[in-house]
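Structural overview
One-letter residues, chain by chain:
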Amino acid sequence: TIIFSPTETTILGISAVLLALLGAMANGLLIGSLLMAPRIRALSTTPFSISLCTSDLLFSIYVLPILAARFLNRKKQGKEEEVMCQSWPIIFFTLVLSSGLIFVAISVQRAGFLFFREKVEKMFSNKINIVLVLLCWIICFVSISSVQSYGKVSRVDYTQECEIVHKNYPEPGPDPVQPLLLAYFSILFPVLLISNTAMMIKIKMESNINDERRKEHIFIFMMLTSFIAWTVFHLPYILVNRFDPCLRHTDLHAVAFLPNWLKVVINPLIFIFMDHGFKKAVYNLASRTTRCASEKSRPNFVTVPSFELEAQKSVRYNKGNTS
C-alpha cells in the first residue's frame, strides 16, 4: 500500500484532481486560442509556446489523473494496470525533459535573433521551428526509452510507484535514470544561463528601444519568467527525492509534490498575462464560443508583435530582390 498517511493521500489525491482539471482547461484554452488565430499561428515563436502548453496539457490529462487514482485508492495496484505501469515513467520523463529542451531551443534562438537578426530570420522560419520542436520531443523520448536497454520498468515496493530501475531489482544497484538526468541538466542549465545572460546584457545596452524591440523584449522576459517558474516548481521535488529516496519523511514529499503539479496552471497564466497578443487570442476565442460579446465589443483580430511582421516582410522583400 501507499506509505503516505490517510490525510496526506486525501490532500494529494484531491489536489491532483483539481489541478488536472484546471491545467487541462487552461492549457487547452490557450492552445486552441493560438491555433485559431492565423496571425499568431504563423509566428516563428508560436510552435515553442504551443509545445510547452502541450507538455502541460498531457501532464494534466495523463500524469495527474493517474496520481490522483493512486492516492485516493490506497489498495495495491492490480495486474490490469501493468501496461500503464510500463508507459508511466517513459511519458513522465519525456514531458519533463522536452519542456527543458524547448526552453533551451527558444533561448538560444532568441539570443541569436538579438545578435544576428538577419541570419536567424532566414534560418528559422515557422516550418523549421515546427521541425525543431518535433526533434526535441523525439530526442527526449528516445533517450528515456533507451534507458530500458540497461534497466527495466518495475513497481517499487515501498512506494508502489512505477519507476525505471536496474535489471537486478529488487537487489541493490545503481539508478539507470540518474546518469541521463545528470548529463541532461548539466548541459541544459549552463546553456540557458549563458544565452539568457547574453540577452539581458544586450537588452540593457540598447539605448534606442522602439515599439518593435520592446515587444520582442517582452516575449523574451515571458519565456525567462516561464523557465524560472518551471525550475522553481521542479526543484523541491528533485531535492526531496534526491536526499530522501526511501520516503522516510512523507510530509516533505507531499509538500514537494504540490508545486511540481501546480506548474501546469502557472505556465499558461504567465503566457496569457505577459503577452498581450496571447491575451487577445484567448478573449477572441472565448467571445466566439460563448457568443456573449456583441460584434462591436469584440476586439479586432489578434495583433501580432510588429517585430515579427517586420521580419516576415524583410524576408519576403529580400527573396523578391533575389529573384
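Structural data are supplied above this passage.
So, here is what we can say about the structure in this document. All of these numbers come straight from a predicted model, not from anything done at the bench. Throughout, a residue's number is its position along its own chain's written sequence, starting from 1. For a predicted model such as this one, the threshold for reporting local features is a pLDDT of at least 70, and the threshold for listing and counting side-chain atom pairs is 80 or more; totals across whole chains, interfaces and linings nevertheless cover every residue. Excluding hydrogens and water, the side-chain values take into account all heavy atoms of the structure.

Structural notes on the overall build of the protein chain
A helix here means a DSSP run of H or I that spans at least four residues, while a strand means a run of E at least two residues long, and both kinds are numbered starting from the N terminus. Helix and strand content of the protein chain: 11 helices and 2 strands. Secondary structure of the protein chain in N-to-C order comes out as α-α-α-α-α-α-β-β-α-α-α-α-α. Contact definition: two residues touch when any of their heavy atoms are within 4.5 Å. Look at the contacts in the protein chain between residues 6 or more apart in sequence, and 75% of them connect residues 24 or more apart. Surface accessibility of the protein chain: about 16900 Å² in total, with carbon and sulfur atoms responsible for 68%. Surface accessibility follows the Shrake-Rupley procedure with a 1.4 Å probe radius. Residue values consider only the protein chains on display as shielding.

Topic: the packing of helix α3 (residues 46-72) against helix α6 (residues 126-146)
One can describe the packing of α3 onto α6 by two numbers: an axis separation of 9 Å at closest approach and a directional angle of 30 degrees. Relative to α6, α3 is oriented so that their crossing is right-handed. From α3, Pro47, Phe48, Ser51, Ser55 and Leu58 reach across to α6, where they touch Asn126, Asn129, Ile130, Leu132, Val133 and Trp137. An axis is simply a line fitted to the C-alpha atoms; with a helix, the fit covers only the stretch in contact. Between two such axes, the angle follows the N-to-C directions and lies from 0 to 180 degrees. Working rule for handedness: look at the near helix, and if it is turned counterclockwise from the far one by less than a right angle, call the crossing left-handed; if clockwise, right-handed.

Regarding the pattern of salt bridges
The salt bridge definition used is simple: a Lys or Arg side-chain nitrogen within 4 Å of an Asp or Glu carboxyl oxygen. A full pass over the atoms with the stated rule returns 1 salt bridge. Residue Lys263 is joined to Asp56 by a salt bridge in which the shortest nitrogen-to-oxygen separation is 3.9 Å. Of this pair, Lys263 sits in helix α9 (residues 250-274) while Asp56 sits in helix α3; the two residues are 207 residues apart in sequence, bridging distant segments of the chain. Like Lys263, the residue Asp56 is buried in the burial classification. Type-normalised accessible area, obtained with a 1.4 Å probe on protein chains alone, sets the label of each residue: buried when under 20%, exposed when over 50%, and partly exposed for intermediate values.

A closer look at the nonpolar core
The biggest cluster of nonpolar side chains holds 70 residues, and the ones touching the most others in it are Leu30, Phe59, Leu64, Met223, Trp261 and Phe271. Element by element, the count of residues in this core is highest for helix α4 (residues 82-115), at 14 residues. When near neighbours in sequence (up to four residues on either side) are disregarded, Leu64 contacts Ala16, Leu19, Ala20, Phe59, Trp261 and Val264. Joining through side-chain atoms within 4.5 Å is the link that ties buried Ala, Val, Leu, Ile, Met, Phe, Trp, Tyr and Cys residues into a set, and such a set is a nonpolar core. By size, the runner-up hydrophobic cluster in this structure holds 5 residues, among which are Ala111, Leu114, Met199 and Ile203.

A few points about helix α7 (residues 178-205)
A helix is expected to span 1.5 Å for every residue after the first. A rise of 1.5 Å per residue sets the reference length of α7, with its 28 residues, at 40 Å; its end C-alpha atoms lie 40 Å apart and thus fit the reference within 8%. By the burial criterion, the buried members of α7 are Leu180, Tyr184, Phe185, Leu188, Leu192, Ser195, Asn196, Met199 and Ile203.

With respect to the state of the cysteines
Disulfide assignment relies on a single distance test, namely cysteine sulfur atoms paired within 2.5 Å. Applying the stated criterion across every chain yields a total of 0 disulfides. Just so you know, Cys136 is unpaired, no disulfide at all, and the nearest cysteine sulfur is the one on Cys140, 6.8 Å from it.

Comments concerning the packing of aromatic side chains
For this analysis, a ring pair means two rings from Phe, Tyr or Trp (six-membered ring only for Trp) whose centres lie within 6.5 Å, classed as stacked if their planes differ by under 30 degrees, edge-to-face if by over 60, and tilted for the remaining angles. This structure, assessed with the given rule, holds 16 aromatic pairs. Ring geometry for Phe59 and Phe92: centres 6.1 Å apart, planes at 45 degrees, overall tilted. Residue Phe59 is found in helix α3, and its partner Phe92 is found in helix α4; the two are separated by 33 residues along the sequence. Residue Phe92 is classed as buried on the basis of its relative accessible area, which comes to 11%. For the ring pair Tyr237 and Phe257, a centre distance of 5.8 Å and an interplane angle of 40 degrees mean the geometry is tilted. In this pair, Tyr237 sits in helix α8 (residues 211-243) while Phe257 sits in helix α9, placing the two residues 20 residues apart along the sequence. By relative accessible area, which is 21% here, Tyr237 ends up partly exposed. According to the relative accessible area criterion, Phe257 is buried, its value standing at 13%. Three or more aromatic residues joined by ring pairs make a cluster, and in this case those are Phe59, Phe71, Trp88, Phe92, Phe93, Tyr237, Phe257 and Trp261.

Observations concerning a nonpolar patch on the surface
On the surface, a nonpolar cluster with roughly 650 Å² of combined accessible area is contributed by Ile14, Val17, Leu18, Leu21, Leu22, Met25 and Leu72. In terms of residue count, the dominant contributor to the nonpolar patch is helix α1 (residues 6-36) (6 residues). For Leu22, the position within the fold is in helix α1. Patch building starts from residues that exceed 30% relative accessible area and form no salt bridge, then joins like charges within 9 Å and nonpolar side chains (Val, Leu, Ile, Met, Phe, Trp, Tyr) within 5 Å.

As for the environment of Leu57
Inspection of the secondary structure assignment puts Leu57 in helix α3. The sequence separation of Leu57 and Ala24 amounts to 33 residues, and the corresponding C-alpha distance is 5.3 Å. For Leu57, the contacting residues outside a window of four places in its chain are Ala24, Asn27, Gly28 and Ile31.

What to know about the packing of α3 against α9
Each pair of packed helices can be summarised by the angle the axes make with each other and by the distance between the axes. Orientation of α3 relative to α9, taken along the N-to-C sense of each, is 150 degrees, at an axis distance of 10 Å. Judged by the inter-axis angle, α3 sits roughly antiparallel to α9. Remark: the crossing between α3 and α9 carries left-handed chirality. Residue-level contacts link Ser49, Leu52, Cys53, Asp56, Phe59, Ser60, Leu64, Leu67 and Phe71 of α3 to Phe257, Asn260, Trp261, Lys263, Val264, Asn267, Pro268 and Phe271 of α9. All residues other than Ala, Val, Leu, Ile, Met, Phe, Trp, Tyr, Cys, Pro, Asp, Glu, Lys and Arg, Gly among them, are scored as polar; the first ten of these are nonpolar and the last four charged. Grouping the constituent residues of the contact of α3 with α9 by class yields 11 nonpolar, 4 polar and 2 charged. Between 65 and 115 degrees an angle is taken as roughly perpendicular, under 35 as roughly parallel, over 145 as roughly antiparallel, and anywhere else as oblique.

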